[in-house]
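Structural characterization, general
Chain by chain, the residues:
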Amino acid sequence: MHLLLGLLIAFLLVLLLTNRKTRNCRWRANRRADRDGQAAYHCVTCGAQALTPDGRAPRQCHAETPPPTL
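Residues numbered from 1 in each chain as written. Predicted model: local features only at pLDDT ≥ 70, side-chain atom pairs only at ≥ 80, totals over all residues. Heavy atoms only, no water.

On to the pairing of strand β3 (residues 49–52), then. As judged from the four bridges shared by strand β2 (residues 39–43) and β3, these two strands associate in the antiparallel manner. Counted as the bridge partner of Ala40 is Leu51 from β3. Counting the residues between successive antiparallel strands, the hairpin from β2 to β3 contains five residues, one of them, Gly47, with a positive phi of roughly 90°. (Pairing = 2+ DSSP bridges. Helix = DSSP H or I, 4+ residues; strand = E, 2+ residues; numbered from the N terminus.)

Have a look at this one:
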């Protein structure tokens, strides 16, 4: 019974604490494209590329837009 209650609480916490704007994001660091103290990232979901000044992955994803054609 305690295990079931613990799993339910963990599931609810995950739902409440996740950022829905970035749920579909799959940002990967691209260290070769780093520039002047900015970290480069590539989203494998939509193909977007972004530079961030703090070295963390971007907080927004452009997954609603279609991937670029090559």
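Next comes the rest of the account.
Listed in full, the eight residues of the largest apolar core are Cys25, Trp27, Ala39, Tyr41, Cys43, Cys46, Ala48 and Cys61. Looking at this core element by element, the count peaks at three residues for β2. Setting aside residues up to four positions removed in sequence, Cys43 forms contacts with Cys25, Arg26, Trp27, Ala48 and Cys61. (Core = buried A, V, L, I, M, F, W, Y, C linked by side-chain atoms within 4.5 Å. Buried < 20%, exposed > 50% of the residue type's maximum accessible area, 1.4 Å probe, protein only. Contact = heavy atoms within 4.5 Å.)

Now for the sheet that holds strand β1 (residues 27–29). What the three strands build is an open sheet, ordered β1-β2-β3; its pairing is antiparallel. Among the strands making up the open sheet, the edge pair consists of β1 and β3. Neighbour-to-neighbour, the strand axes of the sheet open up by a mean angle of 35°, direction not taken into account. (Axes fitted to C-alpha atoms, helices over the stretch in contact; angles between N-to-C directions.)

Time to look at a nonpolar patch on the surface. Together, Leu5, Leu8, Ile9, Phe11, Leu12, Leu13, Leu15, Leu16 and Leu17 give the surface a local cluster of nonpolar side chains, amounting to about 930 Å² of exposed area. The exposed category is assigned to Phe11, whose relative accessible area is 51%. (Patch = residues over 30% accessible without salt bridge, like charges linked within 9 Å, V, L, I, M, F, W, Y side chains within 5 Å. Areas by Shrake-Rupley, 256 points an atom, 1.4 Å probe, with all protein chains shown as cover. Salt bridge = Lys/Arg side-chain N within 4 Å of Asp/Glu carboxyl O.)

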